[in-house]
Amino acid sequence: MSAPHTDVEQVEAANAAFYEALEQGDFERVSSSWLTPADLGVDETYHDPADVGVVSCVHPGWPVLTGRGEVLRSYALIMANTDYIQFFLTDVHVSVTGDTALVTCTENILSGGPAPVEGEELGPLVGQLVVATNVFRRTPDGWKLWSHHASPVLAENDDADGSADAETPERLDGPGIPDDPGDPGIEGTPS
């Protein structure tokens, strides 16, 4: 086992490499960042890889994705539909216990989609603030992602005088998220 400070440095490097691969749209590097059944010593001939060390991912606003195939498909879709993305990671904290590491961070994301007008290089850039938890597991090939969970940070509302009200964040309305707590949609039925 390596020294604790070395483990933290290695996890920080693995975390940074994952985000760099996303920025570059490098699916092979994104894929190699995630645990495989072989990393866990699972012989897929005899065991269902979904039963052992299942990887999972929650993108902001998405349902939980489980299993390597489902998780990697989601990244392929994201990369295919995003012409530009850049992550500025802040508030990065790494904790290592044995062969498991926990990374929490804030993803300050700048992204852009396809150009709305032919001839333009890129559509409008959009900023987004997301908090993420990445769980890594030590393997013979280094630290690999076991789970990624990202949640949006709610924006503050502007009140009548244009100042932000820190007490009242914007609501996220959507399937399964009611417009207000008294809404009967709270039982999972979209309003």
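Basis of the calculations
Residues numbered from 1 in each chain as written. Predicted model: local features only at pLDDT ≥ 70, side-chain atom pairs only at ≥ 80, totals over all residues. Heavy atoms only, no water. Helix = DSSP H or I, 4+ residues; strand = E, 2+ residues; numbered from the N terminus. Buried < 20%, exposed > 50% of the residue type's maximum accessible area, 1.4 Å probe, protein only. Contact = heavy atoms within 4.5 Å. Areas by Shrake-Rupley, 256 points an atom, 1.4 Å probe, with all protein chains shown as cover. Core = buried A, V, L, I, M, F, W, Y, C linked by side-chain atoms within 4.5 Å. Pairing = 2+ DSSP bridges. Salt bridge = Lys/Arg side-chain N within 4 Å of Asp/Glu carboxyl O. 1 Å grid on protein atoms, 1.4 Å probe; cavity = no way out; pocket = protein on both sides within 12 Å on 5 of 7 lines; lining within 4 Å. Points joined across faces, edges and corners; volume = space filled by probe spheres on them. Nonpolar A, V, L, I, M, F, W, Y, C, P; charged D, E, K, R; others polar. Expected span 1.5 Å × (residues − 1). Arc of directions from axis to C-beta.

Asks: Mind showing me how you'd approach the overall build of the protein chain here?
Replies: Helix and strand counts for the protein chain stand at three helices and eight strands. Along the chain direction, N to C, the helices and strands of the protein chain fall in the order α-α-β-β-α-β-β-β-β-β-β. For the protein chain, buried positions account for 29% of its 191 residues. For the protein chain, the share of sequence-separated contacts (at least 6 apart) that also reach a separation of at least 24 residues comes to 47%. Carbon together with sulfur atoms contributes 54% to the accessible area of the protein chain, which is approximately 11400 Å² in total.

Asks: I tried to follow the nonpolar core on my own but got confused; where do I start?
Replies: Nonpolar side chains tend to gather and get buried jointly when the protein is soluble and globular. Counting 31 residues, the largest nonpolar core has Phe18, Val30, Trp34, Tyr75 and Phe136 as its most contacted members. Listed by contribution, the elements that provide at least two residues to this core are helix 1 (4-24), helix 3 (68-80), strand 3 (84-97), strand 4 (100-112), strand 5 (125-139) and strand 6 (142-152). With six residues, the single largest contributor to this core is helix 1. Residue contacts for Phe136: discarding those within four places in its chain leaves Val11, Ala14, Asn15, Asp99, Thr100, Ala101, Val103, Trp143, Lys144, Leu145 and Trp146.

Asks: How do you make sense of the pairing of strand 4 when you look at a structure like this?
Replies: Strand residues, when the strand is regular, have side chains that alternate between the two faces of the sheet. Sheet topology note: the strand 3/strand 4 ladder contains twelve bridges and is antiparallel. What sits directly across from Thr90, in strand 4, is Thr106. Between strand 3 and the antiparallel strand that follows it, strand 4, lie two residues; Gly98 among them carries a positive phi value of about 60°.

Asks: Sorry, what's going on with the pattern of salt bridges here?
Replies: Close approach of charged atoms allows side chains with opposite charge to pair. All chains considered together, the criterion is met by four salt bridges. The salt bridge partner of Glu20 is Arg29, with a shortest N-O separation of 3.9 Å. Glu20 sits in the partly exposed class, given a relative accessible area of 37%. Because the salt bridges share partners, they merge into one network encompassing Asp7, Asp99 and Arg138.

Asks: I would appreciate a short explanation of the environment of Ala17 in the present structure.
Replies: Mapped onto the elements of the fold, Ala17 is located in helix 1. Each C-alpha atom of the pair Ala17 and Ser33 lies 8.0 Å from the other, and the pair is 16 residues apart in sequence.

Asks: Would you explain the layout of surface pockets in this entry?
Replies: Empty space among the atoms becomes apparent when a probe as large as a water molecule is rolled across them. As a volume, the largest pocket reaches approximately 440 Å³. Breaking the lining of the largest pocket down by element, the ones donating at least two residues are helix 1, helix 3, strand 3, strand 4, strand 5 and strand 6. Residue contributions to the lining of the largest pocket peak at five residues, all from helix 1. In terms of residue class, the lining of the largest pocket is built from 14 nonpolar, seven polar and three charged.

Asks: Looking at this structure, I do not really get helix 3. What am I missing?
Replies: Between the first and last C-alpha of helix 3 there are 18 Å, a value that for 13 residues agrees with the 18 Å anticipated at 1.5 Å per step. Every buried residue belonging to helix 3 is among Val71, Leu72, Ser74, Tyr75 and Met79, and all of these are buried. With its buried residues spanning 150° around the axis, helix 3 presents them on a single face. Those residues of helix 3 that are exposed and angled more than 90 degrees off the buried face are Arg73, Leu77 and Ala80.

Asks: Looking at this structure, how should I read the sheet that holds strand 4?
Replies: Spatial strand order, 2-1-6-5-4-3: six strands in an open sheet with mixed pairing. For this open sheet the edge positions go to strand 2 (65-66) and strand 3, each flanked by a neighbour on one side alone. Relative to strand 5, strand 4 runs antiparallel, the two being bridged by 13 bridges. Residue pairing across strands places Ile109 opposite Gln128, the latter belonging to strand 5.

Asks: Where do I start with the pairing of strand 6 in this structure?
Replies: Two elements, strand 1 (residues 56-58) and strand 6, share three bridges in a ladder whose sense is parallel. Within strand 6, the residue paired with Val58 across the bridge is His149.

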